[in-house]
Amino acid sequence: MELTPKTLLDMLYYMKLTREIETRIERKLYRQGKIVGGVYVGRGQEAIAVGSCIQLEKDDCICPSHRDMGAFLIRGITPREILAQYMGRKTGLSQGKEANMHMGDMQRNVVAFVSMLADTIPVAAGIGMTYKMRKQRNVVLCYFGDGATSRGDWHEGLNLASVQKAPVIYICNNNLYAYSTPVEKQMAVKDISIRAQAYGMPGVTIDGNDVAVVFKATQEAIQFARNGGGPSLIECKTFRMTGHSAHDDVKYVPKELFAEWEKKDPILRLESSLLRNKTVSEDEVKRLAARITREVDEAVSLAENDPFPEPSETLQGVYSDQTAEAPLTFANRFFHR
Amino acid sequence: MAPVTYLEAIRQGIWEEMERDSSVFVLGEDVGIYGGAFKVTEGMIERFGDDRVIDTPISESAIVGAAIGAALMGMRPIAEMQFADFISCAFDQITNFAAKCRYRWGAGVPLVIRGPSGGGVHGGPFHSQNPEMHYVHTPGLKVVAPSTAFDAKGLIKAAIRDEDPVVYFEHKFLYRRIKEELPEGDWIVPLGKADVKRSGKDISVITYGAMVHLALEAAATLANDGIDLEVVDLRTLMPLDKERILDSVKKTNKVILLHEDVRTGGIAGELAAIIAEEAFEYLDGPILRITAPDTPVPYSPPLEEFFLPKTSDIIRVARQLVAY
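Predicted model, so just to flag it, every value in this text is computed and none were measured.

Trainee: With reference to specific residues and values, describe the overall build of chain A.
Mentor: Across its full length, chain A carries 13 helices and seven strands. Compactness check: chain A gives a C-alpha radius of gyration of 21 Å against a globular reference of 20 Å for 337 residues, within 12% of the reference. When its C-alpha atoms are laid out on the principal axes, chain A stretches across 75 × 50 × 40 Å. For chain A, the residues scored as buried account for 50% of the 337 residues in total. When contacts within chain A are restricted to residue pairs at least 6 apart in sequence, those whose partners lie at least 24 apart make up 74%.

Right, dumping it as structure tokens:
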């Protein structure tokens, strides 16, 4: 895939759509009590998921993290499905069993994230090994944050993927904080990409807020993987322009840091460059924004009117061939015989 | 047909499934040229190639994680834990990822995690454990623990064909100590079905794994005294065959729960609760447990002998219970 004006416009659309849905979720629906539990968004990091995932082929696969909504959207998960998932509705991808971005669909080759960070690192290796066994030229994009790189599974998974030459592109959004812990308290290395050397794979550090840069670095790694070269690690330097979650007042981040990264906002950067070189007009930008607002309005309204699951659905879906027993089954039978 | 050991039965089961279905493959530590620490995968790499018999780094979590990834893509991985003790290193992948995929987002993970468990071979604290209950306690997993060559082969084949993640505990003490003639052809032992290994009328001994053989030995001795034990082999710990368990208790009215696992949190406690709840009015005596003590598995022969339940324990307890 070439970085054509069309691709750039598509990326602008997905980044802005991500921003709009996440803003509604974090700053409206959550505060209105329409979304309960944990809310984790990727504000400021949109270029990473979008710039990488946009170039995948149908049979490729992604293992996104909770801050990669753009990757879900590109794989065809709809705003309505995302919002229904967040609102615990039957129409969400997990049918109410799971929260927020913890969703997947193997029909669309999207693996659901788990809260134990880095668990998808070896899982992605296994998917890549499967492509190899089946002699398919497909690749896996596996996303995670800086925090995940401290877990053992991250290291085990990268090592196994490299030994097996699994076609996986490991994409780190280094947003400088793991919850409240700054990166210098997480690791003694300056760049996470240097760890790639330890596992014998290429590793690069790039500007994660420049979608064209993300696109090109991923493109190179995808080509390398499709040609049998094995996995790569791409570290995208970025910043989390919000708290760890919606309830986090984020007092531990100096205000100057937010101000500094505000200027590097990936959406503003792409938009102004497209305006500057006249790929789009002011008018087209306005129309795009209006279209996105309309799409999200519609998705919110559909999701809000979607049904909740039946309470007894709690018991279903644990196994392929049996339903769990309700807690009082025997007692009820015993006293009513 | 020549008699087949318990170990060879597992090997045959895996081999036949790999012949039958090209999506079945094996991964683990030393499973390739070396054929596995106990030789369960011996000869497989020559037959099926290193694409389907994959030697891995010493990374149990990554072994299971990779197996999950492959299973999500429709493969049928069999992940070997060199010793079942090492499965703890993969606990998170098994209990949080594999076990919950179907429930969380409807994705089947048809994989088998297998390895040798159990004591009696002086393996010490890290080569003798019975870790099955960690997995029985995790909804989404099926847990298997065969006691005979016939069951071992039939259950491994059923486990490989199952749509859910199965943790399959082999008992290393039985690997080469028991053998039997096996039927020809393609057959399985379905998961979730207990088996009455000896029918009797006085006391039900409900057990699994290597302890089945101790119960049968005890039953043979006690038969001389006119005490008739029924030996129920669970074969699958999850799902539990409640019907077969309750039928046996309702017939004999007395029950001994026997396992090699430690006492607290062992399956005996769960069985006792089920029996107390659902067969209370049939009981003619206390529900008794014979288990290992709540300690790690010790190494020195006199200590390990003390740790493991013995045939003489079953005989003594059965005599007391029958007289109650």
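Picking up where we left off.
Trainee: Residues and numbers for the domain arrangement of chain B, please.
Mentor: Residues and elements named next belong to chain B. As far as domains go, chain B holds domain 1 (4–180) and domain 2 (195–323). Domain 1 and domain 2 are separated by 26 Å when their C-alpha centres are compared. Contacts between the two partners involve 24 residues from domain 1 and, on the opposite side, 23 residues from domain 2. Looking at the side of domain 1 that touches domain 2, the elements with two or more residues in it are α6 (132–136), β6 (142–144) and α7 (149–161). Here the residues of the side of domain 1 that touches domain 2 are counted per class, giving 11 nonpolar, 10 polar and three charged.

Trainee: Help me get a handle on the packing of helix α5 (residues 120–133) of chain A against helix α3 (residues 60–72) of chain B, residues and values and all.
Mentor: The geometry of α5 of chain A relative to α3 of chain B is characterised by a closest axis approach of 6 Å and an angle of 50° between their N-to-C directions. Classed by the angle they form, the pair α5 of chain A and α3 of chain B counts as oblique. Where α5 of chain A crosses over α3 of chain B, the handedness of that crossing is right-handed. Facing Pro122, Val123, Ala124, Ala125, Gly126, Ile127, Met129 and Thr130 of chain A of α5 of chain A, the residues of α3 of chain B in contact are Ser61, Ala62, Gly65, Ala66, Ala67, Ile68, Gly69, Ala70 and Leu72 of chain B. Each residue belonging to the contact of α5 of chain A with α3 of chain B can be placed in one class, and the counts come to 12 nonpolar, five polar and no charged.

Trainee: Let's hear about the interface of chain B and chain A: which residues, and what values?
Mentor: Facing 33 residues of chain B, the contacting portion of chain A comprises 37 residues. At the level of elements, α3, α4 (91–98), α5 (101–105) and α10 (267–278) of chain B are the ones that each hand at least two residues to the side of chain B that touches chain A. Here the side of chain B that touches chain A gets nine residues from one element, more than from any other, and that element is α3 of chain B.

Trainee: Which residues make up helix α12 (residues 282–305) of chain A, and what values do they have?
Mentor: All names here are of chain A. End to end, α12 covers 35 Å across 24 residues, agreeing with the expected 34 Å (1.5 Å per residue, within 8%). Of all the positions in α12, only Ala299, Val300 and Ala303 are classed as buried. Those residues of α12 that are buried are in contact with α1 (5–29) and α4 (79–86).

Scoring rules and cut-offs
Residues numbered from 1 in each chain as written. Chains lettered and ligands numbered in written order. Predicted model: local features only at pLDDT ≥ 70, side-chain atom pairs only at ≥ 80, totals over all residues. Helix = DSSP H or I, 4+ residues; strand = E, 2+ residues; numbered from the N terminus. Rg over C-alpha atoms; globule rule 2.2 N^0.38 Å. Buried ≥ 20, exposed ≤ 12 C-beta atoms within 10 Å, placed from the backbone. Contact = placed C-beta atoms within 7 Å. Domains from an automatic or database assignment. Nonpolar A, V, L, I, M, F, W, Y, C, P; charged D, E, K, R; others polar. Axes fitted to C-alpha atoms, helices over the stretch in contact; angles between N-to-C directions. Parallel < 35°, antiparallel > 145°, perpendicular 65-115°, else oblique. Left-handed = near helix turned anticlockwise from the far one by under 90°. Expected span 1.5 Å × (residues − 1).

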